[in-house]
Amino acid sequence: MEKLKVGILGATGMVGQRYIALLENHPWFEVTLVAASPRSAGKKYSEATLGRWQMVTPIPTSVCDLIVKDANIVEDIASEVDFVFSAVELEKELIRELEMKYARNNTPVVSNCSAHRGTEDVPMLIPEINHSHLDIIQVQQENRKFTKGFVLVKPNCSLQSYITPMYALQQKGYKISKAIITTLQASSGAGHPGVPSLDLLDNIVPFIGGEEEKSENEPQKIFGTIKNGKIINDTSIKISAHCNRVPVVDGHTACVSLEFEDKDNKPSLDEIKKIWKEFSSVPQELDLPSAPRCAIIYNEEQNRPQPRKDRDNDKGMGVTVGRLRECNVFDVRFVGLSHNTIRGAAGGGILNAELLKAKGFL
Ligand code: NAP
C-alpha cells in the first residue's frame, strides 16, 4: 500500500516532535513535510530543533534534512501533502482561520489544538468513544463547501485518563450524574520550555489557564449526539475539575469520584473492574496500527497507576486505572493515568487519522 503523505504543522514543538518520533516507520503514513513559525521556516529540521529536541530517540534521518516551511503559507503546503496534523501554538482565532484554510484547500486537518473543539460541525474524537461523530464531517463539508478537506480535533490531553473509563460504565447503562476530578498534569503538557523550572521543581502549581473549563465542558461534547446537523452536548453530567501542574515530565494523572444517576442500580466494584477489563471498541476491532490492545488497563496494585511506571503502557497509548474503591461522598472513586503527549496528543491524533483512513475519509 502506498503511504499517505503527511505534513506536521508545529513540527518543531513538543507535540510536533512526538508526531515525528511516532510516525517513523508508520505503516500507512509518511512525514514528507514539516512546518512551524516563520522563525523556523527555511531551516533544516535538525537546525530548527537544535538544542530543543525533547524525544529520547534521535530525529529520524528521513526528517533531519527536510526544510521547515512556514505553516501560515497554506497553498504551498496543501498541494504537497494528503493531510496535515496540526499542533501549532497560536492565538485561537488565528488557529481557527488557519485550520479552516487548509480544509478549504482540500487538505484534511487532524488537530491537537483547542481552537475548534467548540465548533458545532467539527468532531472532537476519541475513537473508542464517539466514532459515530465522524458523520458530522459530511455536514461540515456541505456547510462550508469543502470538497475533500475538513477539520477534526482531539480533546484536551488530561481527559484521556478518565473519560474512557467513564464511558465504558455509561455504555453498560450506568449513567453518571456527577464527577469531581483532580488532575496532576505533567510539565510537557505546557509545551517547551513550558513552566520555568524554578516555579515547578519542589512545587505544585494549582492553576493551568483554561484547563478546568476544558475538563468540565469537553466530555459533554464527546458524550453528545448529532441532531439537525450539529453535535448537541450531553449536559446531564456535571463535572467539577481541579487542575494542577506537577513536577513530572510526562503522564497526566487524574483522581476521580463519580456519582451514578440511578441510586437503585449502581454497579459493584467487581462489576466496574469487569466492565473496564472487557471494554473494547472500534480501534481494537479494526486493529488500527496505533490502537492499544486493551482500551483500559486495570492495575490491581494498591499504589498504581504511577506516571513513571505506567505512562508507557501499550506504547504510551494505554489508559491505566487503579485504586477503585467506594467513595464516602459520591459512589466510587479511582485514579486514571495516560501519557499526555502520546495518548493525549500525537498518538491520539495518529489514532484519529488511522480511523479516518480505515473509514475512507483520507
Ligand atoms: P510548543 O512546544 O510550544 O510548540 C508550538 C509549535 O507552534 C512550534 O512548532 C512553533 O514553531 C509553532 N508556532 C508558534 N508560533 C507560530 C506561528 N506564528 N505560526 C506557525 N507556527 C507557530 O507547543 P505544544 O505543547 O507542542 O502544543 C502545540 C499545540 O498542541 C497547542 O495548541 C497545544 O494546546 C496542543 N496540545 C498540547 C499538548 C501537550 O501535552 N503538550 C497536548 C494536547 C494538545 P517554532 O518552533 O518555529 O516557534
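Residues numbered from 1 in each chain as written. Predicted model: local features only at pLDDT ≥ 70, side-chain atom pairs only at ≥ 80, totals over all residues. Heavy atoms only, no water.

- An unreviewed UniProt entry annotates the protein as aspartate-semialdehyde dehydrogenase of Candidatus Iainarchaeum sp.
- What UniProt records for the protein under Sequence similarities (unreviewed entry) is the sentence "Belongs to the aspartate-semialdehyde dehydrogenase family." (UniProt positions renumbered as here; feature names shortened; annotations may be inferred.)

1. Comments concerning the UniProt feature "active site" (unreviewed entry) in the protein
Part 1 of the argument: Per the UniProt record, "active site" (unreviewed entry) is annotated on C157 and H252. A maximum C-alpha distance of 7.9 Å among these annotated residues, which run over 96 residues, shows that they cluster at one spot. Within this annotated set, the largest pocket is lined by C157.
Part 2 of the argument: Within the secondary structure, C157 is located in the loop between β6 (151-153) and α7 (160-171).
Part 3 of the argument: Those residues within four positions of C157 in sequence are excluded, and the remaining contacts are E211, H252, S338, N340 and G344.
Part 4 of the argument: Tracing the sequence through the fold places H252 in strand β11 (residues 252-260).
Part 5 of the argument: With a relative accessible area of 0%, H252 lands in the buried category.
Part 6 of the argument: When neighbours within four sequence positions are excluded, H252 is seen to be in contact with C157, S158, S161, L184, Q185, A186, G189, R245, G336, L337, S338 and N340. (1 Å grid on protein atoms, 1.4 Å probe; cavity = no way out; pocket = protein on both sides within 12 Å on 5 of 7 lines; lining within 4 Å. Helix = DSSP H or I, 4+ residues; strand = E, 2+ residues; numbered from the N terminus. Contact = heavy atoms within 4.5 Å. Buried < 20%, exposed > 50% of the residue type's maximum accessible area, 1.4 Å probe, protein only.)

2. What about the pattern of salt bridges?
Part 1 of the argument: Enumeration according to the criterion identifies 20 salt bridges in this entry.
Part 2 of the argument: One salt bridge in this structure joins E259 and K263, with 3.9 Å as the shortest N-O distance.
Part 3 of the argument: The exposure class assigned to E259 is buried, which follows from its relative accessible area of 15%.
Part 4 of the argument: Here E300 and K277 are joined by a salt bridge, their closest N and O atoms 3.0 Å apart. Here E300, found in the loop between β12 (297-299) and α12 (307-310), pairs with K277, found in helix α10 (residues 269-278); they are 23 residues apart in sequence, far enough to count as distant.
Part 5 of the argument: The exposure class assigned to E300 is partly exposed, which follows from its relative accessible area of 48%. (Salt bridge = Lys/Arg side-chain N within 4 Å of Asp/Glu carboxyl O.)

3. Comments concerning the site of the ligand
Part 1 of the argument: Around the ligand, the structure places 27 residues, and the nearest of them are T12, V15, S37, S40 and R52.
Part 2 of the argument: Measuring from an oxygen atom of the ligand, one finds a backbone N or O atom of M14 at 2.9 Å.
Part 3 of the argument: Within the side chain of R39, one N or O atom sits 2.8 Å away from an oxygen atom of the ligand.
Part 4 of the argument: If you map the ligand onto the pockets, it falls in the largest pocket.
Part 5 of the argument: Broken down by secondary-structure element, the contributors of at least two residues to the shell around the ligand are α1 (14-23) and α13 (342-358). (Near = heavy atom within 4 Å. Polar contact = N/O pair within 3.5 Å; in protein donor to acceptor, adjacent residues only side chain to side chain. Sits in = over half its atoms within 2 Å of the grid points.)

4. Notes on the environment of R333
Part 1 of the argument: Residue position: R333 is located in strand β14 (residues 332-338).
Part 2 of the argument: Judged by relative accessible area, which is 26%, R333 ranks as partly exposed.
Part 3 of the argument: Along the chain, R333 and A179 lie 154 residues apart, while their C-alpha atoms are 9.4 Å from each other.
Part 4 of the argument: Setting aside residues up to four positions removed in sequence, R333 forms contacts with V256, S257, R323, L324, R325, E326, C327 and N328.
Part 5 of the argument: Polar contacts involving the side chain of R333 include one to the main-chain carbonyl oxygen of E326, which spans 2.7 Å.

5. Examining the sheet that holds strand β7 (residues 176-185)
Part 1 of the argument: Read across the sheet, 6 strands follow the order β10-β7-β11-β14-β13-β12 without closing on themselves; strand pairing throughout is mixed. Both outer strands of the open sheet, β10 (238-245) and β12, are each paired with one neighbouring strand and no more. Neighbour-to-neighbour, the strand axes of the sheet open up by a mean angle of 25°, direction not taken into account.
Part 2 of the argument: In the sheet, β11 pairs with β14 via 7 bridges, with the strands oriented antiparallel. Counterpart to A254 in the pairing with β14 is G336.
Part 3 of the argument: In the packing of α10 onto the sheet, contacts are made with β11, β12, β13 (320-326) and β14, and the angle to β13 comes to roughly 165°. (Pairing = 2+ DSSP bridges. Axes fitted to C-alpha atoms, helices over the stretch in contact; angles between N-to-C directions.)

6. Some details on the UniProt feature "domain: Semialdehyde dehydrogenase NAD-binding" (unreviewed entry) in the protein
Part 1 of the argument: In the numbering used here, UniProt assigns the "domain: Semialdehyde dehydrogenase NAD-binding" (unreviewed entry) feature to residues 5-137.
Part 2 of the argument: Helix makes up 29% of residues 5-137 and strand makes up 17%, while its end C-alpha atoms are separated by 21 Å.

7. Remarks on the layout of surface pockets
Part 1 of the argument: Considered as a void within the structure, the largest pocket measures approximately 1,200 Å³ in volume.
Part 2 of the argument: Together, 45 residues line the largest pocket, and V15, A87, V88, E89 and G191 are the ones closest to its centre.
Part 3 of the argument: Of all the secondary structure elements, the ones that give two or more residues to the lining of the largest pocket are α1, α5 (92-104), α9 (211-222) and α13.
Part 4 of the argument: With 3 residues, the top contributor of residues to the lining of the largest pocket is α1.
Part 5 of the argument: When the residues that make up the lining of the largest pocket are grouped by side-chain class, the tally is 17 nonpolar, 19 polar and 9 charged.
Part 6 of the argument: For the lining of the largest pocket, the two domains that each supply at least three residues are domain 1 (4-156 + 346-358) and domain 2 (158-338).
Part 7 of the argument: The space that makes up the second largest pocket amounts to roughly 780 Å³.
Part 8 of the argument: Surrounding the second largest pocket, 37 residues form its lining, R18, M55, D250, H339 and I342 being those nearest its centre. (Points joined across faces, edges and corners; volume = space filled by probe spheres on them. Nonpolar A, V, L, I, M, F, W, Y, C, P; charged D, E, K, R; others polar. Domains from an automatic or database assignment.)

8. Points about the nonpolar core
Part 1 of the argument: Within the largest apolar cluster, 55 residues are counted, with the highest numbers of intra-cluster contacts made by Y102, Y162, L258 and W276.
Part 2 of the argument: Per element, the largest residue contribution to this core is 6 residues, and it comes from α7.
Part 3 of the argument: For this core, the domains that each give at least three residues are domain 1 (4-156 + 346-358) and domain 2 (158-338).
Part 4 of the argument: Not counting the four nearest positions on each side in its chain, Y162 is found in contact with I181, T183, S215, A254, V256 and F334.
Part 5 of the argument: The next biggest cluster of nonpolar side chains, apart from the first, holds 42 residues, and it includes I20, F29, I350 and A353. (Core = buried A, V, L, I, M, F, W, Y, C linked by side-chain atoms within 4.5 Å.)

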